[in-house]
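Take a look at the letters that make up each chain.
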Amino acid sequence: MNRPREFDLICFDWDGTLFDSTGIITRCIQQAVVDVGGARPTDEAASYVIGMALMPALARAAPDVPKDKYPLLGERYRHHYLAHQNDISLFDGVLPMLAELKARHHWLAVATGKSRVGLDNVLATRDLKGIFDASRTADETAGKPDPRMLNELMRQFGTEPERTLMVGDTTHDLQMARNAGCASLGVSYGAHPPSEFEALGPRAILHSAQALRQWLNEHA
């Protein structure tokens, strides 16, 4: 590469950005709500909350479920998700994209609404071991769109907002980047319709993992 590198730290959302899990998460939310006696959320309502911390997400998707049932609601969601987690895989092209970024000495991080246990389970797989330099989950810091995840990661690596890029599939991701003063990329193949992204000022909206890989190769 003959041009200067623009970003030192690249942060990725997980579900719907790197991991092809949006459809399964949507169905797990819907089934969990029904299990505790709530009205089944629409696909749009269930997918909208993906990326948020688990319990605020479930509460928003199930406004008719009383608070005393929230522990059971969370338990039922985890039950359904664990039953299907082995059906989920990385989007095609993600592993070579991450390898290319590592080879160019970018710091790579995950900023996700998943739990620490849930993220660690997938990062422990053979293909992903050692790829990411750091991660933050919603149960150990503030959930999106609060900028705390990104602020903590930037402090960890000593990077400035203008040298940090956030990649995500939801308005929660892009709003978090905006709140932290970072650049962002939106991907249209995840949970939120890309028509909602423009107002949040992403550098680009990419329509496949391969297109994301190409953009990062050319611009990051």
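Our structure is the block above this text.
For clarity, every value in this text was computed on a predicted model and none was experimentally measured.

> Run through the overall build of the protein, naming residues and quoting values.
When helices and strands are tallied, the protein shows nine helices and six strands. In terms of C-alpha radius of gyration, the protein reaches 17 Å, essentially the compact-globule figure of 17 Å for 220 residues. Projecting the C-alpha coordinates of the protein onto the three principal axes gives extents of approximately 60 × 35 × 30 Å. Looking at the 220 residues of the protein, the share that counts as buried comes to 54%. Taking contacts inside the protein between residues at least 6 apart in sequence as the whole, the part at least 24 apart equals 64%.

> Give a description of the pattern of salt bridges that names residues and reports values.
Scanning all chains against the criterion turns up 13 salt bridges. Lys144 is paired through a salt bridge with Asp13; the nearest N and O atoms lie 2.8 Å apart. You can see Lys144 sitting in the loop between strand S3 (134-137) and helix H7 (148-157) and its partner Asp13 sitting in the loop between strand S1 (9-12) and helix H1 (22-35), a full 131 residues away along the chain. Looking at Lys144, the relative accessible area reads 5%, which means it is buried. In this structure Asp13 comes out as buried when scored by relative accessible area, which is 2%.

> Provide a residue-level description of the environment of Asp133, including the pertinent values.
Looking at where Asp133 falls in the secondary structure, it is placed in the loop between helix H6 (116-123) and S3. Spatially, the C-alpha atom of Asp133 lies 22 Å from that of Pro145, the residues being 12 residues apart in sequence. In contact with Asp133, not counting residues within four places along its chain, are Lys102, His106, Trp107, Leu108, Gln156 and Phe157. A polar atom in the side chain of Asp133 sits 3.2 Å from the side chain of Lys102.

> For the packing of helix H5 (residues 94-103) against helix H9 (residues 209-219), give the residues involved together with the corresponding values.
For any two helices packed against each other, one specifies the inter-axial angle together with the distance between the axes. At their nearest, the axes of H5 and H9 sit 9 Å apart, and the two run at 10° to each other. Looking at the two axes, H5 sits roughly parallel to H9. Packed against H5, whose contacting residues are Val94, Pro96, Met97, Glu100 and Leu101, the element H9 presents Ala209, Leu212, Arg213, Leu216 and Asn217 at the interface. Taken together, the residues that form the contact of H5 with H9 break down as seven nonpolar, one polar and two charged.

> Would you mind going over the packing of aromatic side chains in detail, with residue names and values included?
Across all of its chains, the model carries five aromatic pairs by this definition. Each ring, one from Trp14 and one from Phe132, has its centre 6.1 Å from the other, and the planes form 70°; the classification is edge-to-face. With Trp14 in the loop between S1 and H1 and Phe132 in the loop between H6 and S3, this residue pair connects regions lying 118 residues apart in the sequence. In this structure, Trp14 and Phe132 share a single accessibility class: buried. With a centroid separation of 4.7 Å and 70° between ring planes, the pair formed by Phe91 and Tyr189 is classed as edge-to-face. With Phe91 in the loop between helix H4 (70-84) and H5 and Tyr189 in the loop between strand S5 (183-187) and strand S6 (205-206), the pair connects residues that are 98 residues apart, well separated along the chain. The exposure classification of Phe91 matches that of Tyr189, with both residues buried. An aromatic cluster of at least three residues, connected via ring pairs, comprises Trp14, Phe19 and Phe132.

> I'd like to hear about the environment of Gly37, residue by residue, with values.
Tracing the chain through its elements places Gly37 in the loop between H1 and helix H2 (43-48). Put simply, Gly37 and Met55 are 18 residues apart on the chain and 17 Å apart in space, counted from C-alpha to C-alpha.

> Quick one: what's the story with the packing of H7 against helix H8 (residues 171-180), residue by residue and with numbers?
As a packed pair, H7 and H8 sit with axes 8 Å apart at the nearest point and diverge in direction by 55°. Judged by the inter-axis angle, H7 sits oblique to H8. Once H7 is placed against H8, the crossing between them reads as right-handed. Contacts from Met149, Leu150, Asn151 and Met154 in H7 reach Met176, Ala177 and Ala180 in H8. Here the residues of the contact of H7 with H8 sort into six nonpolar, one polar and no charged.

Reading the values: the criteria
- Residues numbered from 1 in each chain as written.
- Predicted model: local features only at pLDDT ≥ 70, side-chain atom pairs only at ≥ 80, totals over all residues.
- Heavy atoms only, no water.
- Helix = DSSP H or I, 4+ residues; strand = E, 2+ residues; numbered from the N terminus.
- Rg over C-alpha atoms; globule rule 2.2 N^0.38 Å.
- Buried < 20%, exposed > 50% of the residue type's maximum accessible area, 1.4 Å probe, protein only.
- Contact = heavy atoms within 4.5 Å.
- Salt bridge = Lys/Arg side-chain N within 4 Å of Asp/Glu carboxyl O.
- Polar contact = N/O pair within 3.5 Å; in protein donor to acceptor, adjacent residues only side chain to side chain.
- Axes fitted to C-alpha atoms, helices over the stretch in contact; angles between N-to-C directions.
- Parallel < 35°, antiparallel > 145°, perpendicular 65-115°, else oblique.
- Nonpolar A, V, L, I, M, F, W, Y, C, P; charged D, E, K, R; others polar.
- Phe/Tyr/Trp six-rings, centres within 6.5 Å; stacked < 30°, edge-to-face > 60°.
- Left-handed = near helix turned anticlockwise from the far one by under 90°.

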